[in-house]
Amino acid sequence: MFGTSGKKQWFSVKSMLAGVCLAVIVAGVTPMIKAEPKTEISLMFKGQPQEQEAYQRVIKSFEKANPDVKVKLILTSNDEYTTKIQAAIAARKMPDVFYINPGDVKAWVNAGLLLDITKYVENSKLISLDNMWSLGVNKYRYDGKMVGRGALYGLPKDLGPFALGYNKTMYKKAGVPLPDNDKPYTFSEFVKVCKQLTKDTNGDGKLDQWGTGFNVWWSLQPFVWSNGGDWLDKTRTKVAINSPKFIEALQYFADLQNVHHVTPSIAEAQTLDTYQRWIRGQLGFFPVGPWDLAVYDQLKFEYDLMPWPAGSTGKSAAWIGSLGFCVAKGCKHPKEATELAMYLSGDPDGQQELVNLRVQIPNLKDKARAWAKQTNTMPANKQEFLDIVNDYGRNFPTEYTYTAEWYNDFFSNIQPVLDGKITAAEYCKKERVRMQRLLDKAIKQDKKSKKRAK
Ligand code: CA
């Protein structure tokens, strides 16, 4: 799904090193003739051109509201950002304000790179934390032991609740009752509907549409979590994939293809990936993130959002991604730099501009609620995004650990389970050992980095 359904910018930079080093484009605003030297705040920024443009407008408004401050913008593409920021970190020449993935909070704080912005934020009238999603804000808290609590080291640029979408047009054609926004399907109900939607519509003996076709990296989590399983135990020091609930959910996920045949076959998935099949109206269900909205406006069928199917807990679950703005420790103007981060994260007018672009949901609760009421544009059930943020969304397990290697290993080796060559139980038993070894390594690295920081 990466690269097809829009770049998900917030996945750990450690897991997706890529990019060619291109020249940094410094697009400063030519200063007006003015005698007084201004406080200069540098901001390293990445994004699609449309997004960059919107942010430049927001930055101009910030400068207008803060005439003594000038923002020096360092623009990079999504791909080159990681290389650039890592080079800046290595040289200890960080910009004042830059992006952070929630998965890097621990490592970057331990390495002494980030400013604790708690007091600036709490004492400021620029934003009210009460009007921001706590799930988003808490991703950037760290108390030295656990991420999610303690001092604030960043503010969300955006939040990405990963919702489940369905092809309403396909439902109607098949005469299947539409899903209930407030009552998730059970696992068996979901299979049943998938079967009703998997069809040879032109009678040539070949299937033309399927129930679904999930990418395991991004869509297994709702099934595992709603079934009461998780990748980590409560202490976040032990890999927990060998629990019966976890295994059951993984087997269910694999069976969608191998037992129930409600997804394109392996061969069919190779001729056209499932994202493309969803776009062409061949799939009943597919995930939808806020970053997809602008593209999905062009779909030739009607779609909407629904809760993810729920396993044995009876409650849906979904992940919620994010990217944040952080401030460099030791930056010359910490107050002004934090004010810029606050402005980008929570200024009402700026948020409106970004929402109009249809690439993100509002960071401000009141704005988001008003936005969710607009049922005249697709998806009508925008509320589902807010329900994830407010109610059933979760952090990626890697946001709690020092590195993501242990977690990535799980997905890197999973293909035989998806192909039905080995069972989920066999896989989880063996793989847990490998993952635990990598997690132990991460825990050691974490301790070492803390010592170095002292
Ligand atoms: Ca056919």
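Model, not experiment: these values are computed from the prediction.

Undergrad: Run through the packing of aromatic side chains, naming residues and quoting values.
TA: Scanning the entire structure with this criterion turns up 48 aromatic pairs. With a centroid separation of 6.2 Å and 50° between ring planes, the pair formed by phenylalanine 190 and phenylalanine 223 is classed as tilted. Remark: phenylalanine 223 occurs in helix α8 (residues 216-226) and phenylalanine 190 occurs in helix α7 (residues 187-197); sequence separation between them is 33 residues. Considered together, phenylalanine 190 and phenylalanine 223 belong to a single accessibility category, that of buried residues.

Undergrad: Hey, could you go over the side chain of threonine 198 for me, with residue numbers and the actual values?
TA: Secondary-structure assignment places threonine 198 in the loop between α7 and α8. In this structure the side chain of threonine 198 is engaged in a polar contact, spanning 3.0 Å, whose partner is the backbone nitrogen of glycine 211.

Undergrad: Pulling in residues and values, what's your account of helix α14 (residues 348-356)?
TA: Within α14 the residues assigned to the buried category are Gly350, Gln351, Leu354 and Val355. Looking straight down α14, one finds its buried side chains confined to an arc of 135°; they lie on one side. In this structure, α14 carries Asp349 and Asn356 as exposed residues pointing more than 90 degrees from its buried face. Buried residues along α14 sit against α1 (49-65), α13 (334-346) and α15 (365-372). In the stretch just after α14, arginine 358 is the one whose phi turns positive, near 60°.

Undergrad: Which residues make up the coordination of the calcium ion, and what are the values?
TA: Under ideal tetrahedral coordination, the four donors around a metal are separated by 109.5 degrees; under ideal octahedral coordination, the six donors are separated by 90 or 180 degrees. Protein coordination at the calcium ion: the donors are Asp200 (OD), Asn202 (OD1), Asp204 (OD), Lys206 (O), Asp208 (OD) and Asp208 (OD), at 2.2 to 2.8 Å from the metal. Bound by six donor atoms, the calcium ion shows angles of 50 to 172° at the metal and therefore irregular coordination geometry. We note that the donor set of the calcium ion lies within a single chain, spaced as D-x1-N-x1-D-x1-K-x1-D.

Undergrad: Go over a positive patch on the surface with me, naming the residues and quoting the values.
TA: On the surface, Lys444, Lys447, Lys448, Lys451 and Arg452 cluster together into a positively charged patch. Relative to the elements of secondary structure, arginine 452 occurs in helix α19 (residues 424-453).

Undergrad: A description of the nonpolar core should follow, citing residues and the corresponding values.
TA: Core analysis: the largest hydrophobic core is formed by 80 residues, its most contacted members being Trp231, Leu250, Phe285 and Phe410. At eight residues, helix α9 (residues 244-258) tops the list of elements feeding residues into this core. Inspection of this core shows a minimum of three residues originating in each of domain 1 (39-159 + 321-386) and domain 2 (163-319 + 396-453). In contact with leucine 250, other than residues within four places in its own chain, are Leu220, Phe410, Ile414, Val417, Ala424, Tyr427 and Cys428. Ile59, Met94, Ile127 and Leu364 belong to the second largest nonpolar core, which has 59 residues in total.

Undergrad: Can you break down the state of the cysteines residue by residue, with the values?
TA: Tallied over the entire structure, the rule returns zero disulfides. No disulfide involves cysteine 326; its sulfur sits 11 Å from the nearest other cysteine sulfur, which is in cysteine 331.

Undergrad: Any chance you could break down the domain arrangement of the protein for me, citing the residues and the numbers?
TA: Reports often express the size of an interface as the amount of accessible area lost when the parts come together. When cut into domains, the protein gives domain 1 (39-159 + 321-386) and domain 2 (163-319 + 396-453). For domain 1 versus domain 2, the separation of C-alpha centres amounts to 29 Å. Carbon and sulfur atoms supply 58% of the area buried between domain 1 and domain 2, which totals about 2300 Å² over both sides. Here domain 1 is connected to domain 2 by two salt bridges.

Undergrad: For the sheet that holds strand β9 (residues 285-288), give the residues involved together with the corresponding values.
TA: Spatially, three strands are ordered β9-β8-β10 in an open sheet, and the strand pairing comes out antiparallel. Every interior strand has two partners, whereas the edge strands, β9 and β10 (303-306), have only one. Sheet twist, expressed as the mean angle between neighbouring strand axes with direction ignored, is 40°. The sheet contact formed by strand β8 (residues 163-167) and β10 spans four bridges and is antiparallel. Looking across to β10, one finds that leucine 164 is bridged to methionine 306. Packed onto the sheet, helix α16 (residues 383-392) meets β8, β9 and β10 and runs at close to 15° relative to β10.

Undergrad: Can you tell me about the pattern of salt bridges, naming the residues and giving the values?
TA: Scanning the entire structure with this criterion turns up 17 salt bridges. With a closest N to O distance of 3.1 Å, lysine 106 and aspartate 446 form a salt bridge. Taken together, the residues span a long stretch of sequence, with lysine 106 in helix α3 (residues 105-110) and aspartate 446 in helix α19 at a distance of 340 residues. Summarising the burial analysis for this pair, lysine 106 and aspartate 446 share the class buried. The salt bridge involving lysine 168 is made with aspartate 304; its shortest N-O contact spans 3.8 Å. Linking lysine 168 in helix α6 (residues 168-174) with aspartate 304 in strand β10, this pair joins segments that are 136 residues apart in sequence.

The rules behind each value
- Residues numbered from 1 in each chain as written.
- Predicted model: local features only at pLDDT ≥ 70, side-chain atom pairs only at ≥ 80, totals over all residues.
- Heavy atoms only, no water.
- Phe/Tyr/Trp six-rings, centres within 6.5 Å; stacked < 30°, edge-to-face > 60°.
- Helix = DSSP H or I, 4+ residues; strand = E, 2+ residues; numbered from the N terminus.
- Buried < 20%, exposed > 50% of the residue type's maximum accessible area, 1.4 Å probe, protein only.
- Polar contact = N/O pair within 3.5 Å; in protein donor to acceptor, adjacent residues only side chain to side chain.
- Arc of directions from axis to C-beta.
- Contact = heavy atoms within 4.5 Å.
- Donors = N, O, S within 2.8 Å, 3.2 Å for Na, K, Ca; no water.
- Tetrahedral: all angles 85-135°; square planar, octahedral: opposite > 155°, others 65-115°.
- Patch = residues over 30% accessible without salt bridge, like charges linked within 9 Å, V, L, I, M, F, W, Y side chains within 5 Å.
- Areas by Shrake-Rupley, 256 points an atom, 1.4 Å probe, with all protein chains shown as cover.
- Salt bridge = Lys/Arg side-chain N within 4 Å of Asp/Glu carboxyl O.
- Lys, Arg positive; Asp, Glu negative; His and termini not counted.
- Charge placed at Lys NZ, Arg CZ, Asp CG, Glu CD.
- Core = buried A, V, L, I, M, F, W, Y, C linked by side-chain atoms within 4.5 Å.
- Domains from an automatic or database assignment.
- Disulfide = S-S within 2.5 Å.
- Buried area = accessible area lost by both parts, 1.4 Å probe.
- Pairing = 2+ DSSP bridges.
- Axes fitted to C-alpha atoms, helices over the stretch in contact; angles between N-to-C directions.

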